[in-house]
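Letter by letter, the chains look like this.
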Amino acid sequence: MKVEKRIRKEVPGLGERIRRARKIDRRSLQEIAALAGMSTPNWYAIENEEMKTLPLETLRRIEAALGVSFDVNFDGNEDETEEDEN
(Lines give C-alpha, C1' and ligand atoms only; values in the text may rest on other atoms or scores of the structure.)
Protein backbone atom coordinates (compact mmCIF):
# COMPACT_ATOMS: atom_id res chain seq x y z
CA MET A 1 0.00 0.00 0.00
CA LYS A 2 1.20 3.49 -0.81
CA VAL A 3 0.47 6.73 0.97
CA GLU A 4 0.81 9.91 -1.01
CA LYS A 5 1.23 13.48 0.14
CA ARG A 6 1.10 16.28 -2.39
CA ILE A 7 2.50 19.68 -1.58
CA ARG A 8 2.39 22.79 -3.73
CA LYS A 9 4.56 25.83 -3.27
CA GLU A 10 4.10 29.26 -4.82
CA VAL A 11 7.32 30.45 -6.49
CA PRO A 12 6.71 34.01 -7.78
CA GLY A 13 8.60 34.93 -10.93
CA LEU A 14 9.88 31.42 -11.66
CA GLY A 15 8.97 31.62 -15.35
CA GLU A 16 10.95 34.83 -15.76
CA ARG A 17 13.92 33.34 -13.90
CA ILE A 18 13.87 30.36 -16.27
CA ARG A 19 13.70 32.74 -19.27
CA ARG A 20 16.69 34.77 -18.03
CA ALA A 21 18.77 31.63 -17.45
CA ARG A 22 17.90 30.36 -20.93
CA LYS A 23 18.88 33.65 -22.57
CA ILE A 24 22.25 33.60 -20.83
CA ASP A 25 22.88 30.11 -22.23
CA ARG A 26 24.42 30.16 -25.71
CA ARG A 27 22.53 27.09 -26.98
CA SER A 28 19.32 27.27 -28.96
CA LEU A 29 15.95 26.89 -27.27
CA GLN A 30 15.35 23.75 -29.32
CA GLU A 31 18.54 22.17 -27.97
CA ILE A 32 17.84 23.15 -24.36
CA ALA A 33 14.21 22.01 -24.53
CA ALA A 34 15.27 18.68 -26.04
CA LEU A 35 17.76 18.16 -23.21
CA ALA A 36 14.93 18.75 -20.75
CA GLY A 37 12.69 16.33 -22.64
CA MET A 38 10.07 18.82 -23.73
CA SER A 39 8.86 20.72 -26.77
CA THR A 40 9.64 24.38 -27.37
CA PRO A 41 5.93 25.38 -27.06
CA ASN A 42 5.81 23.67 -23.67
CA TRP A 43 8.98 25.49 -22.62
CA TYR A 44 7.45 28.83 -23.66
CA ALA A 45 4.29 28.00 -21.69
CA ILE A 46 6.46 27.49 -18.61
CA GLU A 47 8.37 30.74 -19.14
CA ASN A 48 5.10 32.63 -19.61
CA GLU A 49 3.61 30.92 -16.54
CA GLU A 50 0.65 29.68 -18.55
CA MET A 51 0.74 26.41 -16.61
CA LYS A 52 -1.01 26.36 -13.23
CA THR A 53 1.38 23.83 -11.76
CA LEU A 54 4.88 22.80 -12.78
CA PRO A 55 5.82 19.29 -11.65
CA LEU A 56 8.99 19.28 -9.55
CA GLU A 57 10.46 16.62 -11.84
CA THR A 58 10.04 18.97 -14.83
CA LEU A 59 11.68 21.83 -12.94
CA ARG A 60 14.62 19.57 -12.10
CA ARG A 61 14.99 18.61 -15.79
CA ILE A 62 14.97 22.32 -16.73
CA GLU A 63 17.62 23.03 -14.09
CA ALA A 64 19.76 20.14 -15.38
CA ALA A 65 19.45 21.30 -19.01
CA LEU A 66 20.45 24.86 -18.07
CA GLY A 67 23.05 23.83 -15.46
CA VAL A 68 21.44 26.03 -12.80
CA SER A 69 19.41 25.72 -9.62
CA PHE A 70 16.34 27.81 -8.92
CA ASP A 71 16.50 26.91 -5.21
CA VAL A 72 13.00 25.43 -5.04
CA ASN A 73 12.99 23.02 -2.12
CA PHE A 74 10.36 21.42 0.05
CA ASP A 75 12.10 21.36 3.41
CA GLY A 76 9.03 22.17 5.50
CA ASN A 77 10.26 25.59 6.60
CA GLU A 78 8.47 27.58 3.96
CA ASP A 79 4.85 28.42 3.18
CA GLU A 80 3.56 25.32 1.44
CA THR A 81 0.01 24.12 0.90
CA GLU A 82 -0.96 20.51 1.16
CA GLU A 83 -3.22 19.15 -1.57
CA ASP A 84 -6.03 16.95 -0.29
CA GLU A 85 -7.58 14.84 -3.03
CA ASN A 86 -10.58 13.27 -1.29
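The structure this text deals with has already been given above.
A short tour of the structure in this document, coming up.

Rules behind the numbers
- Residues numbered from 1 in each chain as written.
- Predicted model: local features only at pLDDT ≥ 70, side-chain atom pairs only at ≥ 80, totals over all residues.
- Heavy atoms only, no water.
- Helix = DSSP H or I, 4+ residues; strand = E, 2+ residues; numbered from the N terminus.
- Buried < 20%, exposed > 50% of the residue type's maximum accessible area, 1.4 Å probe, protein only.
- Contact = heavy atoms within 4.5 Å.
- Areas by Shrake-Rupley, 256 points an atom, 1.4 Å probe, with all protein chains shown as cover.
- Polar contact = N/O pair within 3.5 Å; in protein donor to acceptor, adjacent residues only side chain to side chain.

## Brief notes about the overall build of the chain
Piece 1. For the chain, the count of helices and strands is 4 helices and 2 strands.
Piece 2. In sequence order, the chain lays out its α and β elements as β-α-α-α-α-β.
Piece 3. Classification of the 86 residues of the chain by burial places 31% in the buried group.
Piece 4. Pairs at least 24 apart in sequence give 60% of the contacts found in the chain among residues at least 6 apart.
Piece 5. Counting every atom, the chain has about 6400 Å² of accessible surface; 46% of that belongs to carbon and sulfur.

## A short note on the environment of L59
Piece 1. With respect to the secondary-structure elements, L59 resides in helix α4 (residues 56-66).
Piece 2. Assessed through its relative accessible area of 3%, L59 is described here as buried.
Piece 3. Measuring from C-alpha to C-alpha, the distance between L59 and I18 comes to 9.4 Å, with 41 residues separating the pair along the chain.
Piece 4. Residues within four places of L59 in sequence aside, it is in contact with L14, I18, L54, F70 and V72.

## Quick look at helix α3 (residues 40-47)
Piece 1. Listed in full, the buried residues belonging to α3 are W43, A45, I46 and E47.
Piece 2. Residues of α3 that are buried sit in contact with α1 (14-24), α2 (29-36) and α4.
Piece 3. Two to three positions downstream of the cap, the backbone nitrogen of N42 sits 3.2 Å from a side-chain oxygen, assigning the N-cap of α3 to S39.

Nothing here speaks to function; it is all geometry.
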